Amino acid sequence: DVVLTQTPPTLSATIGQSVSISCRSSQSLLHSNGNTYLHWLLQRPGQSPQLLIYLVSRLESGVPNRFSGSGSGTDFTLKISGVEAEDLGVYYCVQGTHAPWTFGGGTKLELK
Amino acid sequence: QVKLLQSGAALVKPGASVKMSCKASGYTFTDYWVSWVKQSHGKSLEWIGEIYPNSGATNFNEKFKGKATLTVDKSTSTAYMELSRLTSEDSAIYYCTSGFAYWGQGTLVTVSS
């Protein structure tokens, strides 16, 4: 199975600070069809996960553009340009290139 | 808008089975795979498997083969997951999701005597 390693496991930030989360895969997530099925989710406390970014860098409808995704192959990054209070929670990367689909261990974003 | 409405929490005894539901609305249910995801307390997410409502085709994480059974009722746009031979390790929140874009609110399963 593909292992997704997220760093850091915990991130402390002040409002307005820009932060980045890394997701590294144990194998390339480039599918034979040319797509890279690496997505980012946010799970706020007590809520279901929500999709933020899909296919590495595409912003899900309704998601603020302070969120951005980048990367290729095995290394991916989620960046938040100016953290807001509503961004607190646990961020997960998830891959849908190689079955079974797998999730990273999560990065908890806290207020400093 | 798209909604996935899951059944309520369940308290079940060890060795028993539980069946939970996920009712879809706001989109063409038969056109998209529905996945089920497990989240043990305070932990990350695990993909259990998926079902294509139009055909009933399924794919499973090997870890959950024999544990989970996935079915659908196209007439009511509802997906079901049954978990069998429950142990304390099965206590978790279970989510249904369509393409990771839409998620149900989760069903809490507690296995206890």
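Keep in mind the model is a prediction, meaning the values are calculated, not measured.

Trainee: How should the interface of chain A and chain B be read in this particular structure?
Mentor: Where the parts come together, the accessible area they lose is often given as the size of the interface. Listed per partner, the contact involves 15 residues of chain A and 17 residues of chain B. Interface area, chain A with chain B, both sides summed: about 1300 Å², of which 64% is carbon and sulfur. Taken as a group, A:Pro49, A:Trp101 and A:Phe103 account for 43% of the area that chain A buries against chain B, more than any other trio of residues on that side. The interface formed by chain A and chain B contains 6 residue pairs in polar contact (both at pLDDT 80 or more). If you list the elements that add at least two residues to the side of chain A that touches chain B, you get β4 (38-43) and β9 (89-95) of chain A. Among the elements that line the side of chain A that touches chain B, the one with the most residues is β4(A), at 3 residues. For the side of chain A that touches chain B, the per-class residue count stands at 8 nonpolar, 6 polar and 1 charged.

Trainee: What am I meant to see in the packing of aromatic side chains here?
Mentor: What characterises a pair of aromatic rings is the spacing of the ring centres plus the angle enclosed by the ring planes. If you walk through the whole model with that rule in mind, you get 7 aromatic pairs over all chains. Taken together, a centroid distance of 5.8 Å and an interplanar angle of 80° make the contact between B:Tyr95 and B:Trp103 edge-to-face. Comparing B:Tyr95 with B:Trp103 shows no difference in burial state: the two are buried. In this structure an aromatic cluster arises from ring pairing among A:Phe103, B:Tyr95, B:Phe100 and B:Trp103.

Trainee: Would you mind going over the side chain of B:Ser35 with me for this structure?
Mentor: Note that B:Ser35 resides in strand β4 (residues 34-39). Engagement of the side chain of B:Ser35 in a polar contact is seen with the side chain of B:Trp47, the distance being 2.9 Å. Beyond its immediate sequence surroundings of up to four residues, B:Ser35 is in contact with A:Trp101, B:Trp47, B:Gly49, B:Glu50, B:Tyr95, B:Cys96 and B:Thr97.

Trainee: What is the right way to read the sheet that holds strand β3 (residues 18-25) of chain B from this model?
Mentor: Where strands meet in a sheet, backbone hydrogen bonds hold them as pairs that are either parallel or antiparallel. Residues and elements named next belong to chain B. If you trace the 4 strands from one edge of the open sheet to the other, you get β1-β3-β8-β7, paired in antiparallel fashion. The open sheet is flanked by β1 (3-6) and β7 (68-73), the only strands paired with a single partner. Between one strand axis and the next, the sheet turns through 20° on average, direction left out of account. For β1 and β3, the ladder comprises 4 bridges, and the chain directions are antiparallel. Within the sheet, the bridge partner assigned to Leu 5 lies in β3 and is Lys 23.

Trainee: Explanation requested: the pattern of salt bridges in the structure shown.
Mentor: Any two side chains of opposite charge can pair, so long as their charged atoms come close to each other. Residue and element names in this part refer to chain A. Applying the stated criterion across every chain yields a total of 8 salt bridges over all chains. For Asp 87, the salt bridge identified is with Arg 66, shortest N-O distance 2.7 Å. Residue Asp 87 is located in the loop between β8 (75-81) and β9, and its partner Arg 66 is located in the loop between β6 (58-59) and β7 (67-72); the two are separated by 21 residues in the primary sequence. Assessed through its relative accessible area of 10%, Arg 66 is described here as buried. With a shortest N-O distance of 3.8 Å, Glu 110 and Lys 108 are connected by a salt bridge. According to the relative accessible area criterion, Glu 110 is partly exposed, its value standing at 29%. Here Lys 108 falls in the partly exposed class, since its relative accessible area comes to 41%. Because the salt bridges share partners, they merge into one network encompassing Arg 66, Glu 84, Glu 86 and Asp 87.

Trainee: How do you make sense of the pairing of strand β6 (residues 57-60) of chain B when you look at a structure like this?
Mentor: For a regular strand, side chains alternate in direction, first toward one face of the sheet and then toward the other. All names here are of chain B. Where strand β5 (residues 45-52) meets β6, 4 bridges bridge the pair, whose relative direction is antiparallel. Bridging from a neighbouring strand, Glu 50 pairs with Asn 59 of β6. Connecting β5 to the next strand, β6, in antiparallel fashion are 4 residues, including Gly 56 with a positive phi near 80°.

Trainee: Looking at this structure, how should I read the state of the cysteines?
Mentor: Inspection of the entire model under this criterion finds 2 disulfides over all chains. The partner cysteine of A:Cys23 in its disulfide is A:Cys93, sulfur to sulfur 2.1 Å. Between A:Cys23 and A:Cys93, the S-S torsion sits near 80°, and that sign places the bridge as right-handed. A residue pair is termed long-range when its members are at least 10 positions apart, and A:Cys23 in strand β3 (residues 18-25) and A:Cys93 in strand β9 qualify at 70 residues. Note on accessibility: A:Cys23 and A:Cys93 belong to one class, buried. B:Cys22 shares a disulfide with B:Cys96; S-S distance 2.0 Å. Taking the sign of the S-S torsion, about 80° here, the bridge from B:Cys22 to B:Cys96 comes out right-handed. Linking B:Cys22 in strand β3 with B:Cys96 in strand β9 (residues 92-98), this pair joins segments that are 74 residues apart in sequence. B:Cys96 matches B:Cys22 in its accessibility class, with the two residues each being buried.

Analysis parameters
- Residues numbered from 1 in each chain as written.
- Chains lettered and ligands numbered in written order.
- Predicted model: local features only at pLDDT ≥ 70, side-chain atom pairs only at ≥ 80, totals over all residues.
- Heavy atoms only, no water.
- Contact = heavy atoms within 4.5 Å.
- Buried area = accessible area lost by both parts, 1.4 Å probe.
- Polar contact = N/O pair within 3.5 Å; in protein donor to acceptor, adjacent residues only side chain to side chain.
- Helix = DSSP H or I, 4+ residues; strand = E, 2+ residues; numbered from the N terminus.
- Nonpolar A, V, L, I, M, F, W, Y, C, P; charged D, E, K, R; others polar.
- Phe/Tyr/Trp six-rings, centres within 6.5 Å; stacked < 30°, edge-to-face > 60°.
- Buried < 20%, exposed > 50% of the residue type's maximum accessible area, 1.4 Å probe, protein only.
- Pairing = 2+ DSSP bridges.
- Axes fitted to C-alpha atoms, helices over the stretch in contact; angles between N-to-C directions.
- Salt bridge = Lys/Arg side-chain N within 4 Å of Asp/Glu carboxyl O.
- Disulfide = S-S within 2.5 Å.

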